[in-house]
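Each chain is listed here by its residues.
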Amino acid sequence: MNLKNSKFYKRIQTLRHFSKEKILKERTIRTMALRGVEMALSESQCNHDVDAASVAAASAWSPPLSSTSRRKSPAGGAAKSKMIKKKTDTSPRTREKGFKPVQPASDEDNDGAEVNGYIELNKCRYRVACSGRVDATTSRAAEPLFVESKSTICVSNSRYAMIGRISRLLGYKLVKESKLWNILWSDSFPGVELFKNMKRFQQINHFPGMIEICRKDLLSRNLNRMLKLYPHDYKIFPKTWMLPADYGDAMHYALNHKHTFILKPDSGAQGRGIWLTNDLKTIGANERLICQTYVYRPLLIDGYKFDLRVYTLITSVDPLRIYVYNEGLARFATNKYVEPTPGNANDLYMHLTNYSVNKRNSQYDLCDNDDCGSKRKLSAINNWMTRHNYDVAEFWSNVDDVIIKTVLSAWPVLKHNYHACFPGHDTIQACFEILGFDILVDWKLKPYILEVNHSPSFHTNEQVDREVKRPLIRDTLTLVSTVLADKKQILREDRKRVKQRLLKSKGDRQVTAINAFCHDHHIIIYYSVLRPRQVAGGAKPPTNETNVATAPKPEAGSLAQQVAWEESHLGNFRRIMPPQDASRISYYSKFYAQSNQVSIFQETAASKKREDLARKMRLQIEEKRAKAEQMLLASTKRKRPIQPRSVREKHRQYMYRLKENWIPGFVSEAEERLRHTWQQMRSEAIKNLKITENIYALLYELGHLSNTDITVFPSLYHCLQIGYDIKGAT
Ligand code: ADP
């Protein structure tokens, strides 16, 4: 039977044809999308001929990036050659991805392109040009965002329906948590297990360890620590004490300064449990509270106190990339402000600016106009400042500074946690996070950080909420979802890697490059594997360069591509880290150097107490363990208890029965004969030497033998029978 004519064969051929077409189509879409990214990324020059500004830029990047560049392109030399190859554009991978090297731009070109920053990979510096940057005030509501998105998002852990709606508009498919989602949007911090089980194409909207700045007590601890290290730079928050550990310090300060204090529960939110006092003695010595000096001269608009909700997006912690949304909210108190006195200290509608507090006040203003209402847009505040001759640009540069410093205070923890949770995420960043920074501004326009929210509210009760939060979500999803996260390709690669690892011992391939390098106690081993099958079919064995080109990810350029994507999809975000201003780059680099965490933590009173407590607990546990061990040892050493007689008797009988039933092992004839001979020889010797008689004689002489012995010793009787003279024998 001719199989080729069978229906089954034809069906398989059709299916093959379809799948080929599908793959080609997908590849075309991907290449088109990547082209946009690559247009934004232009390779400018290598390290050896960079100008002073570029060096400064590199130095600011270097603390986080030096490690990352090693991590992102772990093939070391191999990756380097990949990068060098990109210049001549001969690498098949490069060609496949449509990665055209852009010739070093001329000065004229430079004039045209807006240079936003540099990234450094394997000693090659890339200039990132922002092509699709949108003006801060431009609304992009009418713009089409994605042509086509195959990505999936899971929003089942979020209570905000808006996130699902916007995702769907952007072309995302909503899926359950059990599916292989591309993005997981959750309102709460997920557990470490979820982080660890994430695939290389998956992203989540929280960074492990962000709690370091999102809980009031941890934020205070980190900022206080940084204040000790950099007293001139970290005056970005009101004086703060963590009670009860810093109770003494706070009391001492209160004695010497006439000040109003604001007291907050250490992990509270929405203004719950907050009160004002100027008498710290009323506080119990064991109460867990955050005590802060009250900023008693805030900036007032129309006589009302307000604070700013600044939305900040972090797309990477190593290297640190922070974006601030140009639009945000100003939340107003609902009673006109008067400096705190014992009479008005209880008026929360005057001193607190929380929406959750003030919405209960009948004075809450729901006005939709820009210049009125208890909730206004940041653009309205900017207009107000401009009208009142304030320097808006300088003010926002100070706000950016506060945000950067706050994030930097937790940077070592963030970096460490990220690498611990995602050692294999080499194509895209595993996390992104929108943080809500609450900033209070004083009458001198100095911003103070009050709080950082890891899940800022996305409720859209008012028009102003909708105008701010919808574009924020849309721009965030656009910025974080790069085309680099190709689920199918990454899964294919992962399967291939697993297969290669399993088949490793069979030796059907060559390991062309194994580069192991240590990154912050995590060793990443990178294989680039080539199988002989690829070489088969008369094709020439590939050179090392092609091996590297066909090597699996991590790709040297993935970070560069992601940065380029972000820079070209900013929407209404502005990048604040790395800063646009080259002179600020070197300024911030010093804050990265807070390496010895433990010794630094020990410096605050609270940390000392915590350390003491931990040490005491450790000692107690050790003592308990030692005691338990001793008891165990004593019980094993103790003599075995004497068993009852009946048991012993049973045992004896058992042993006896064993002996009774003993069956001798095999004895060979030769052995038996030998034994017999030896026995004969011995009896003859006894007979000849008259040993028995001698013994009897000796016994008789000593008077040890009696007549009864004759019956006891049969051989003696035998001797007497044969008339042997016992006496004479001696
Ligand atoms: P919560 O997380 O409960 O909202 P916050 O720290 O944000 O707590 O404080 C609530 C409000 O109290 C702020 O919006 C602000 O108006 C006011 N507030 C907090 N700390 C201070 C301070 N040190 N000085 C002046 N006002 C403050």
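Since this is a predicted model, take the numbers as computed values, not measurements.

Rules used throughout
- Residues numbered from 1 in each chain as written.
- Predicted model: local features only at pLDDT ≥ 70, side-chain atom pairs only at ≥ 80, totals over all residues.
- Heavy atoms only, no water.
- Phe/Tyr/Trp six-rings, centres within 6.5 Å; stacked < 30°, edge-to-face > 60°.
- Helix = DSSP H or I, 4+ residues; strand = E, 2+ residues; numbered from the N terminus.
- Buried < 20%, exposed > 50% of the residue type's maximum accessible area, 1.4 Å probe, protein only.
- Lys NZ or Arg CZ within 6 Å of the ring centre and 35° of its normal.
- Near = heavy atom within 4 Å.
- Polar contact = N/O pair within 3.5 Å; in protein donor to acceptor, adjacent residues only side chain to side chain.
- Areas by Shrake-Rupley, 256 points an atom, 1.4 Å probe, with all protein chains shown as cover.
- Nonpolar A, V, L, I, M, F, W, Y, C, P; charged D, E, K, R; others polar.

K.L.:
Give me the lowdown on the packing of aromatic side chains, citing residues and values where you can.
P.N.:
Overall, the coordinates contain 21 aromatic pairs when judged by the stated rule. Relative to Tyr418, the ring of Phe207 lies with its centre 6.2 Å away and its plane at 45°, an arrangement referred to as tilted. Pair noted here: Phe207 is in the loop between strand E7 (203-204) and helix H8 (211-214) and Tyr418 is in helix H15 (residues 411-421), with a separation of 211 residues, a long-range link. Assigned by exposure class, Phe207 and Tyr418 land together as buried. For the pair Tyr325 and Phe573, a centre-to-centre distance of 4.7 Å together with 65° between the ring planes defines the contact as edge-to-face. You can see Tyr325 sitting in strand E14 (residues 320-325) and its partner Phe573 sitting in strand E21 (residues 573-577), a full 248 residues away along the chain. In this pair, the class of Tyr325 matches that of Phe573, namely buried. Members of the aromatic cluster, each reached through a chain of ring pairs, are Tyr230, Tyr234, Tyr587, Tyr588 and Phe591. Over the ring of Trp443 we find Arg297, and its NZ or CZ is 4.0 Å from the ring centre. One residue, Lys446, lies across the ring of Tyr448, its end atom 5.3 Å from the ring centre.

K.L.:
Tell me about the site of the ligand, and please be specific about residues and values.
P.N.:
In the vicinity of the ligand lie 24 residues, with Lys264, Gly271, Thr353, Asn354 and Glu451 positioned nearest. Val295 places a polar main-chain atom, nitrogen or oxygen, 2.9 Å from a nitrogen atom of the ligand. Here the ligand has 540 Å² of accessible area as a free molecule, and 99% of this is covered by the chains. When contributions to the shell around the ligand are tallied by element, the ones reaching two or more residues are strand E9 (261-265), strand E11 (289-293), strand E13 (304-317), strand E17 (433-441) and strand E18 (447-453). Here the residues of the shell around the ligand sort into nine nonpolar, eight polar and seven charged.

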